[in-house]
Amino acid sequence: MKKIIAAGIFGLSLAASSLAYAEPVKIGVITTLSGGGAGLGVDMRDAFTLAMKQSGNKDVELVVEDDAQKPEIAVQLAEKMIQSDKVDLLTGIIWSNLAMAVVPNAVAQDVIYLSPNAGPSALAGAKCNKNYFNVAYQNDNFHEAMGQYANKDYKKTFILAPNYPAGKDSLTGFKRYYKGELAGEVYTQVGQTDYAAEIAQIRDSGADSVFFFLPGGMGISFMKQYAQSGVNIPVMGPGFSFDQDILPAVGDAALGVKNSASWSKDLDNEANKAFVEAFQAEYKRLPSVYAAQSWDTANLILAALSKASVKDKDAFRAALKAADFKSVRGEFAFNTNNHPVQNIYVREVVKEGDVLTNKIVATAFEHHKDAYAEQCKM
Amino acid sequence: MSIALLIEQLLNGLQLGVMLFLMAAGLTLIFGVMGLINLAHGSLYMIGAFACAAVAAATGSFWIGLAASLVAAAAAGAIIEVTVIRRLYDRDHLDQVLATFALILIFSEGTRWLFGSFPLYLDIPSLLQGAVPLPGGGQYQLYRLAIIGVGVVVALGLYLLISRTRLGMRIRAGESDREMIAALGVDIRTLYTVVFALGAALAGLAGALVGALQSVQVGMGEPALILAFVVIVIGGIGSIKGALFGAILVGVVDTMGRFLLPKALALMMPAAQAGLIGAALASMLIYIVMALILAFRPSGLFAAQS
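If you're wondering where the values come from, they're calculated on a predicted model, not measured in any experiment.

Here we come to the overall build of chain A. Helix and strand counts for chain A stand at 13 helices and 13 strands. By the compact-globule yardstick of 21 Å for 378 residues, chain A fits well, its C-alpha radius of gyration being 22 Å. The dimensions of chain A, computed from C-alpha atoms along their principal axes, are 90 × 45 × 35 Å. The buried share of chain A, reckoned over its 378 residues, is 55%. Here the analysis covers contacts within chain A between residues at least 6 apart in sequence; of these, 70% occur between residues at least 24 apart.

Listed below in structure tokens is the structure:
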């Protein structure tokens, strides 16, 4: 009899404990896993799933889908995840044009979206939303940091970006803080692979430095061609063109280049050390800034889940906004528009053994906020 | 604006044109002889670049990689000709476009499966590193000059092949009348495979040469393919001579447009705005040129068949 009662109590306690925890949470991850931009999405997904796995939280279920870097596919996936998968949270989008296509619609249906990378200015300012949390940056931030840093050494900079919204945000951000003269301002085609015409103009412009924002394969092409062109003017740019995903393809041409980012592998904090070690052990490669941001996104969600139920939207949003998690970027808080307040660093590309990577050489901004928060009425 | 800059930009245009010629020559040859629209030509370009990067990384020699790119692209071309393309000659262009588009997807995902999602590293061989002085005080990248040289050699080689050899005679005969040359006892199936492999090898060569300048990644072939189609439409579909002139025209117009349009607009408006509008106009320029040429010569500059 005793045994039966004991078993009963045990069974009840199990049932009770599962009542407390077993509320399943479904997270939709829409990211780029095919096409030329797949490296970024793969890093995003890998860090996210690793963080979830390490947490041991069995209640989280991930729905991961590939958007092929196409806005129309991303929109379809978001609709499917919201309508038929009934996800509680959405995350994962890498590219600003895809985010602009998906996010306004999703948050209007009261689905919480957490951005692990893209931060278009519209969503930070007038179109901000209580359901939209950007865990990465506002698009201008890295470029602003480089503009600030350029003031130290340079007087006449040649600036270069692709002709699309994030490219314009980039040069706007750079010019917001840069005080010197511009030797030239050139917009290239999106997906352009040959920069000979632009490099010839740089050579002819009398610039003392070059700032460029060319994400993905565009940056690889530019750096390789620049290194061979015989032009010796120093280059700088946001961390996207000098991150772990593309450095091996650029090769030694990138050595010594200064670039800006909110994170670096050598940032000295416990969370970061644990992250870099875990990522390297699991995937046998160094993480990129996309992986770091995605890892933070996952840990932010986990921290909020431990405080509030995802079904109670108000409480869950408050728990997210508190940002009570150990960020690999050190200090991290949300501004009034749900965008990060964080430090932005200047890094330099160095060689560790045979591996090209970055080390921090300066801090461009401390507790930096974006320029659009005032326009956000939330 | 100096003379050196102008010379440098003209060379840049020429180099882009030569690269496009390598792509367009194969495309137009295949269309001319077999009447086939091959969208997967960009995938063969990608295969050339990946083969070169992988072999160069394994052996440490760019040159072995370059040879491997020719072999790999020609082999891939021959294999798809025998297994897939052969079934498409008698079908209409829509079926050809659908089937070769499927090949693009298969090659892209297959390459990703083999090499991963991250771009590969391929560097310029040490022999061709650096820049050389130009008249007028400028400098020009040696490797780009070498690409121009390769283009000239290939153009000459193709000319000799088509006008002076037995194979060339059969290719010309195939272009004029396919049924008749088969009836005369020429093994048309082998001829098709050889022509397809030749076109594929040229695309692979272009991919390997350009791979050292750009990034070797999945999907690199499609932007080049679109330009190559513009080239063969301008030059006249099926004509190698047309492909050569069309390629150089597109290369020079595109480069000079990107360079001169923002400068011209900057005389009338603020520099930042001129840059944006100039860049937008420059990206349309080659299509405007194509439209103009088609308006006056609907079958292109050097139409092969009338």
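From this point on, the discussion continues.
All right, on to helix α9 (residues 217–228) of chain A then. Residues and elements named next belong to chain A. When the terminal C-alpha atoms of α9 are compared, their 17 Å separation across 12 residues agrees well with the 16 Å that a helix rising 1.5 Å per residue should span. If you check which residues of α9 are buried, you get G217, M218, G219, I220, S221, F222, M223, K224, Q225, Y226, A227 and Q228. Looking one or two places after α9, you find G230, whose phi comes out positive at around 85°.

Residues and elements named next belong to chain A. Positive phi outside glycine occurs at D110, with the angle close to 60°. Mapped onto the secondary structure, D110 falls in the loop between α4 (96–108) and β4 (112–115). The phi dihedral of K284 is positive, around 60°, even though this residue is not glycine. For K284, the position within the fold is in the loop between α11 (270–283) and α12 (289–307).

Residues and elements named next belong to chain A. In this structure, strand β8 (residues 209–212) lies alongside strand β9 (residues 235–238), joined through two bridges in parallel fashion. Its bridge partner being in β9, F211 is matched across the sheet by M236. For the segment spanning β8, α9 and β9, crossover handedness is right-handed. As judged from the three bridges shared by β9 and strand β10 (residues 258–261), these two strands associate in the parallel manner. Along β10, the bridge assignment pairs P238 with S260.

It is worth spelling out the interface of chain B and chain A at this point. In this assembly, 41 residues from chain B lie in contact with 33 residues from chain A. Per-element tally for the side of chain B that touches chain A: the top contributor is helix α11 (residues 271–296) of chain B, with seven residues. For the side of chain B that touches chain A, the per-class residue count stands at 19 nonpolar, 16 polar and six charged.

All names here are of chain B. Tracing the backbone shows V71 in helix α3 (residues 62–83). Judged by the 14 C-beta atoms lying within 10 Å of it, V71 is partly exposed. Distance from V71 to A200, taken between C-alpha atoms, is 9.5 Å for residues 129 residues apart in sequence.

Glancing now at the domain arrangement of chain A. All names here are of chain A. One can read the domain layout of chain A as domain 1 (12–137 + 267–334) and domain 2 (141–261 + 345–374). Its C-alpha centre places domain 1 at a distance of 28 Å from the equivalent point of domain 2. With 17 residues of domain 1 in contact, the opposing surface of domain 2 contributes 18 residues. Counting residues per element, the ones that place at least two in the side of domain 1 that touches domain 2 are α2 (38–55), α4 and α5 (121–124). Broken down by element, the side of domain 1 that touches domain 2 gets its largest block of residues, three residues, from α2. Split by residue class, the side of domain 1 that touches domain 2 holds eight nonpolar, eight polar and one charged.

All right, on to the packing of α3 of chain B against helix α8 (residues 188–211) of chain B then. Axis angle and axis distance: for two packed helices, these are the angle between their axes and the distance between the axes, and together they describe the pair. All names here are of chain B. The interhelical angle for the contact between α3 and α8, taken along N-to-C directions, is 140°, at an axis separation of 7 Å. For the crossing formed where α3 meets α8, the hand is right-handed. Contacts between α3 and α8 involve G65, L66, S69, L70, A72, A73, A74, A76, G77, A78, E81 and V82 from the former and Y192, T193, F196, A197, G199, A200, A201, A203, G204, L205, G207 and A208 from the latter. Residue composition of the contact of α3 with α8, grouped by class: 16 nonpolar, seven polar and one charged.

What holds strands together in a sheet is hydrogen bonding between their backbones, with the strands either parallel or antiparallel. Residue and element names in this part refer to chain A. Strand order in the open sheet formed by five strands is β2-β1-β3-β4-β5, and the pairing between neighbours is parallel. Because the sheet does not close on itself, it has two edges, and the strands there are β2 (60–66) and β5 (132–134). In this sheet, neighbouring strand axes are inclined to one another by 20° on average, regardless of whether the strands run parallel or antiparallel. Sheet analysis places strand β3 (residues 89–91) next to β4, joined by three bridges and oriented parallel. Pairing of L89 across the sheet is with I112, part of β4. Helix-sheet contacts for α2 involve β1 (25–31) and β2, and the interaxial angle to β1 is about 160°.

Residues of chain A with pLDDT of at least 70 account for 94%, and the chain-wide mean is 90. In this model residues 14–20 of chain A is a low-confidence stretch, pLDDT under 50, and it forms zero contacts with partners more than four residues away in sequence or in other chains.

Attention now goes to the UniProt feature "transmembrane region" (unreviewed entry) in chain B. Residue and element names in this part refer to chain B. Under the UniProt annotation, "transmembrane region" (unreviewed entry) lies at residues 16–37, 44–64, 70–89, 101–122, 142–162, 190–213, 225–253 and 274–296. Segment residues 101–122 splits into 68% helix and 0% strand. End C-alpha atoms: 27 Å apart. Structurally, residues 190–213 comprises 92% helix and 0% strand, and the distance from its first C-alpha atom to its last is 35 Å.

Residues and elements named next belong to chain B. A rise of 1.5 Å per residue sets the reference length of α11, with its 26 residues, at 38 Å; its end C-alpha atoms lie 35 Å apart and thus fit the reference within 8%. The principal kink in α11, of about 40°, is found at L285. Restricting attention to buried positions, one finds in α11 the residues A274, G275, L276, G278, A279, A282 and M290.

Conventions and cut-offs
Residues numbered from 1 in each chain as written. Chains lettered and ligands numbered in written order. Predicted model: local features only at pLDDT ≥ 70, side-chain atom pairs only at ≥ 80, totals over all residues. Helix = DSSP H or I, 4+ residues; strand = E, 2+ residues; numbered from the N terminus. Rg over C-alpha atoms; globule rule 2.2 N^0.38 Å. Buried ≥ 20, exposed ≤ 12 C-beta atoms within 10 Å, placed from the backbone. Contact = placed C-beta atoms within 7 Å. Expected span 1.5 Å × (residues − 1). Pairing = 2+ DSSP bridges. Right-handed = clockwise from strand over helix to strand, strands pointing away. Nonpolar A, V, L, I, M, F, W, Y, C, P; charged D, E, K, R; others polar. Domains from an automatic or database assignment. Axes fitted to C-alpha atoms, helices over the stretch in contact; angles between N-to-C directions. Left-handed = near helix turned anticlockwise from the far one by under 90°. pLDDT = per-residue confidence, 0-100. UniProt positions renumbered as here; feature names shortened; annotations may be inferred. Bend = angle between axes of the 7 residues up to and from the residue.

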